[in-house]
Each structure stands twice: as structure tokens, then as C-alpha cells.
Amino acid sequence: MMSYKTILVQCDAGRAAPARLEWAATLAERHQAHLIGLHARPPFEPVVADGGTFAMDLLFKDHEEALAESESVSAKAFAAAVKGKALSSEWRSSSGYADALLTVHARYADLTVVGQHDPEASSGLTPPPDLPETVALGTGRAVVVVPFVGVPTSLGRKIMLCWNASREAARAATDAMPLLQAAEAVTVLIVDPASSEAGHGSEPGADVATWLSRHGVKVTVQRDAAADADAGNVILSRAMDHGCDLIVMGIYGHSRLRELVLGGVSRTMLVRMTMPVLMAH
């Protein structure tokens, strides 16, 4: 059975961080993986101040105090998540922007866990809203996005794999293999499939089910139609119907000069997710 050996998790002082860290630590313990907690210290960004140098010095002091407080809260949350668990862990705190740091560090991990954007977060140290997709599109690694509303009590017990016979979907399934193999049940969801020798084949879902079964995955296939609905909403609805606690899918889009362009399904999932979503590009 394949396994993860290094897991990276985004650490911050946000309200959703403790649940995210607990999820990542539990996963690391289950796979006997080394867990790395990465906290970012964004640089001070000068603004035009009427008070001149004196006012700028005060703003810089406030920034440094906020950084120290954020790091302290973040470090304590990470320590609490790993306490009592049988795993090796490592705390890292680096100067830089969270998305850029995670993108680099993730290349040396098997899996990266980040948080969904919390629209109610207001701190100036809050990671950018597009952090999950930036990391997923920029690393070449699988990224699990944990919703800010919390996570299910179970972890990877029932998984939904979104399959459209694309390169991205194949990459996501391969990167999620340790989770798929350990799951009690995996539902392969195919929305609006079309038979094609260049994609699904003559029997949509048959080939991917055979491949997964050879890896010991307990798999069933479900075909569905989106009709006039967004396929992302269909995925979320079916995941709830099956009692899933994790969704696996490919993420589509590209990044150019930090202007991210995503497919509709990817965007829907990042905004409306109610359970962790493993994404790969």
C-alpha cells in the first residue's frame, strides 16, 4: 500500500486553523508521516502617512507586534494538534507571503493541507483569498483544502472521486491513492459522461474502476447529469448523499501574474465546500 511520508500544513492564527491542524496531524499519524507546520511572516508594506517618518515607525512597530502575536498563537495551535500523537513533527516560521512560501515548501512534501478562504477574516496578516488555488496550480503536488466551517469527525472513511477522464483527474486519483486504498468506500462520480475512445471509453467509469480495484480500492461508479445546474453543486450534493468526508478532484485553470483563471467546477468547490477537498493539477 502506498503511503504519505511528508505532510505540510498551513499554520496561521485564524479561527479555522485548529481544526485544520488537527485534521492534518491525525492524517500524519495514520500514515506515520512527518508533519511540517509552516507559518508565514508577511513583510511590512509601507503606506503614505501624514506623520512622516515618526508615523511610519509606529506602523512598523504595530506590524512587528502583530507578527509576534500571530506566530505565538499559530505555534501553540500546532503544538496542541501534535500533542499526544505518535508522529514526528517540525515547526517552521519563515518571512514571506503565505502563498509563495507554501508553493515552494510543498514541492518537498507528499501532500499539503491548506485552509479555505474565510470571508470573515479581517486581519492584515490573513493569507490571500486565492491561496488554495495558487498552491494547487503552482506546486505539482496534491493539496487538501479544509473548509473554514470545520471538518467531519471521520477522515477518509468514505471518499468521492470526481472523474472526467482528464489528465488532472488522473493526477488527483494517483496522488490520493493512499487515502483511496484506506477508505471503507470510494464512489467514482461521473457527471454528464460521453463515450469516447479518447476519454471515458465505451463504458464510462469501467476503466477507472478496474484500475482502482487493482490497487485494492473498494469502488463503485455513479453516473449523474448536471442538466442546467453547475456540476460543482452536483458533486457537493452527491457527496452529502453518500456521507462522504473527502472529495478528490482535478483542478483546472492557469496562473499568470497572480491573476488566476479557474474552471467553473473548481471555483464552485473552493467557494462552497463543506468537507475537505483534495485537489491536484
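Residues numbered from 1 in each chain as written. Predicted model: local features only at pLDDT ≥ 70, side-chain atom pairs only at ≥ 80, totals over all residues. Heavy atoms only, no water.

## Regarding the nonpolar core
Membership of the largest hydrophobic core comes to 46 residues, with the highest contact counts inside it found for Ile-7, Leu-35, Leu-212 and Leu-278. In terms of residues, this core owes the most to one element, helix α1 (residues 17-30), which gives six residues. The contacts of Leu-35, once residues within four sequence positions are left out, are Ile-7, Val-9, Ala-24, Ala-25, Ala-28, Phe-78, Val-82, Leu-87, Ser-88, Ser-89 and Glu-90. Formed by 32 residues, the second largest nonpolar core is a distinct cluster that contains Ala-109, Val-114, Val-143 and Ile-235. (Core = buried A, V, L, I, M, F, W, Y, C linked by side-chain atoms within 4.5 Å. Buried < 20%, exposed > 50% of the residue type's maximum accessible area, 1.4 Å probe, protein only. Helix = DSSP H or I, 4+ residues; strand = E, 2+ residues; numbered from the N terminus. Contact = heavy atoms within 4.5 Å.)

## A few points about the sheet that holds strand β7 (residues 185-191)
The mixed open sheet is built from ten strands, whose spatial order is β3-β2-β1-β4-β5-β12-β9-β6-β7-β8. Here the strands that pair on one side only, and so sit at the sheet edges, are β3 (89-95) and β8 (219-224). Each strand of the sheet is rotated relative to its neighbour by a mean of 25°, with strand direction disregarded. Sheet analysis places strand β4 (residues 111-115) next to strand β5 (residues 142-146), joined by five bridges and oriented parallel. From the neighbouring strand, Val-114 faces β5, where its bridge partner is Val-145. Along the sheet face, α1 touches β1 (6-11), β2 (34-41), β4, β5 and β9 (246-250) and points at about 170° away from the line of β1. (Pairing = 2+ DSSP bridges. Axes fitted to C-alpha atoms, helices over the stretch in contact; angles between N-to-C directions.)

## Some details on the packing of aromatic side chains
Ring pairs (aromatic) are described by centroid distance and by the angle formed between their planes. Tallying each qualifying case throughout the model produces two aromatic pairs. With a centroid separation of 5.4 Å and an interplanar angle of 85°, the aromatic rings of Phe-44 and Phe-60 are classed as edge-to-face. Note that Phe-44 is positioned in the loop between β2 and α2 (52-82) and Phe-60 in helix α2, a separation of 16 residues in sequence. Taking the relative accessible area as the measure of exposure, Phe-44 reaches 22% and is therefore partly exposed. Judged by its relative accessible area of 40%, Phe-60 falls in the partly exposed class. Between Phe-78 and Trp-91, the ring centres sit 5.8 Å apart and the planes meet at 45°, which makes this aromatic pair tilted. Linking Phe-78 in helix α2 with Trp-91 in strand β3, this pair joins segments that are 13 residues apart in sequence. According to the relative accessible area criterion, Phe-78 is buried, its value standing at 5%. (Phe/Tyr/Trp six-rings, centres within 6.5 Å; stacked < 30°, edge-to-face > 60°.)

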